[in-house]
Amino acid sequence: MSADGGPVSEIDQYDQKILEALSADGRISITDLAAKIGLSKTPCQMRMRRLISEGYIQGFTAIINPSKLQLEHIAFAEVKLSNTQEEALQKFNAAVRKIKEVEECHMIAGRFDYLLKIRTKDIRKYREVLGERISNLPYVASTSTNVAMETVKENGSGIAARFSGR
């Protein structure tokens, strides 16, 4: 089902090319997009609107350079909860979404319950976020931190390219 409850259609090679092109450049004009994928402007625009309405494209955003904002410190916090019943999970999820320094939060099947990607200015700011905010989230029993030494690859622009070989 799509975001509006209607049926989701299968995507073809043109849809895949649209997704790949938009993943690489979300600001590409419809005219340039149409030329790139080999369709005229109107069918290309109709396909793009359908991909949006069916939820294949969730939105468009700018990729901000963290170095320019002095936000180069990345830590991954493993979080173990004291309770993993649905109500506890929902409360934790709602609370963690409010912490701006948490860029990503993933529920994990393994030795801990959640993995958080946290971006801050430095280790002091991370320690403050961890000690004052993350450790005080609902049902947090313990945390363990791994600090990234270097980012080798980051962002989701490769998602469209991964399924183009299906």
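What counts, and where the lines are drawn
- Residues numbered from 1 in each chain as written.
- Predicted model: local features only at pLDDT ≥ 70, side-chain atom pairs only at ≥ 80, totals over all residues.
- Heavy atoms only, no water.
- Helix = DSSP H or I, 4+ residues; strand = E, 2+ residues; numbered from the N terminus.
- Buried < 20%, exposed > 50% of the residue type's maximum accessible area, 1.4 Å probe, protein only.
- Areas by Shrake-Rupley, 256 points an atom, 1.4 Å probe, with all protein chains shown as cover.
- Expected span 1.5 Å × (residues − 1).
- Arc of directions from axis to C-beta.
- Contact = heavy atoms within 4.5 Å.
- Axes fitted to C-alpha atoms, helices over the stretch in contact; angles between N-to-C directions.
- Parallel < 35°, antiparallel > 145°, perpendicular 65-115°, else oblique.
- Left-handed = near helix turned anticlockwise from the far one by under 90°.
- Nonpolar A, V, L, I, M, F, W, Y, C, P; charged D, E, K, R; others polar.
- Phe/Tyr/Trp six-rings, centres within 6.5 Å; stacked < 30°, edge-to-face > 60°.
- Pairing = 2+ DSSP bridges.
- Core = buried A, V, L, I, M, F, W, Y, C linked by side-chain atoms within 4.5 Å.

Caption draft 1: How the structure looks around the overall build of the protein chain. The helix and strand tally for the protein chain stands at 6 helices and 4 strands. When the helices and strands of the protein chain are read in sequence order from the N terminus, they spell out α-α-α-β-α-β-β-α-β-α. In the protein chain, which comprises 166 residues, the proportion classed as buried is 31%. Summed over its atoms, the accessible surface of the protein chain is roughly 11300 Å², and 50% of this surface lies on carbon and sulfur atoms.

Caption draft 2: Spotlight on helix H3 (residues 41-53). The end-to-end C-alpha separation of H3 is 18 Å, in line with the 18 Å expected for 13 residues at 1.5 Å each. Regarding H3, the residues found buried are Cys44, Arg47, Met48 and Leu51. Seen from one end, H3 has its buried residues packed into an arc of 100°, which puts them on one side. Residues of H3 that are exposed and point more than 90 degrees away from the buried face comprise Thr42, Met46 and Arg49. If you follow the buried residues of H3, they end up packed against helix H1 (13-24) and helix H2 (30-37).

Caption draft 3: Just the packing of H1 against H2, in detail. H2 packs onto H1 with a crossing angle of 130° between their chain directions and a minimal axis gap of 10 Å. Viewed along their axes, H1 and H2 adopt a mutual orientation that is oblique. Crossing angle aside, the handedness with which H1 passes H2 is right-handed. Residue-level inspection shows Tyr14, Lys17, Ile18, Ala21 and Leu22 of H1 in contact with H2, the latter providing Leu33, Lys36 and Ile37. Its residues assigned to classes, the contact of H1 with H2 shows 6 nonpolar, no polar and 2 charged.

Caption draft 4: Structural view of the packing of aromatic side chains. Applying the stated criterion to the full structure yields 1 aromatic pair. A centroid spacing of 4.3 Å and a plane angle of 35° characterise the contact between phenylalanine 92 and tyrosine 114, whose relative ring orientation is tilted. In this pair, phenylalanine 92 is assigned in helix H4 (residues 86-96) and tyrosine 114 in strand S3 (residues 114-120), connecting sequence segments 22 residues apart. Taken as a pair, phenylalanine 92 and tyrosine 114 share a single burial class, namely buried.

Caption draft 5: Local environment of the pairing of S3. The element S3 is largely enclosed, with a buried count of 6 among its 7 residues. Examined bridge by bridge, strand S1 (residues 73-81) and S3 share 7 bridges and lie antiparallel to one another. Residue histidine 73 lies in a different strand from S3, and its bridge partner there is threonine 120. Here 5 bridges tie strand S2 (residues 102-107) to S3, and the two strands are oriented antiparallel to one another. Across the sheet, residue methionine 107 finds its bridge partner in S3, namely tyrosine 114.

Caption draft 6: Representation of the nonpolar core in the model. Within the largest apolar cluster, 19 residues are counted, with the highest numbers of intra-cluster contacts made by Val79, Phe92, Leu116, Ile118, Ile134 and Leu137. Sequence-distant contacts of isoleucine 134, that is, excluding residues within four places in its chain, are made with Val79, Ile99, Val102, Leu116, Ile118, Val129, Val140 and Thr143. Of all hydrophobic cores here, the second largest spans 14 residues; its members include Ile11, Leu19, Leu33 and Met48.

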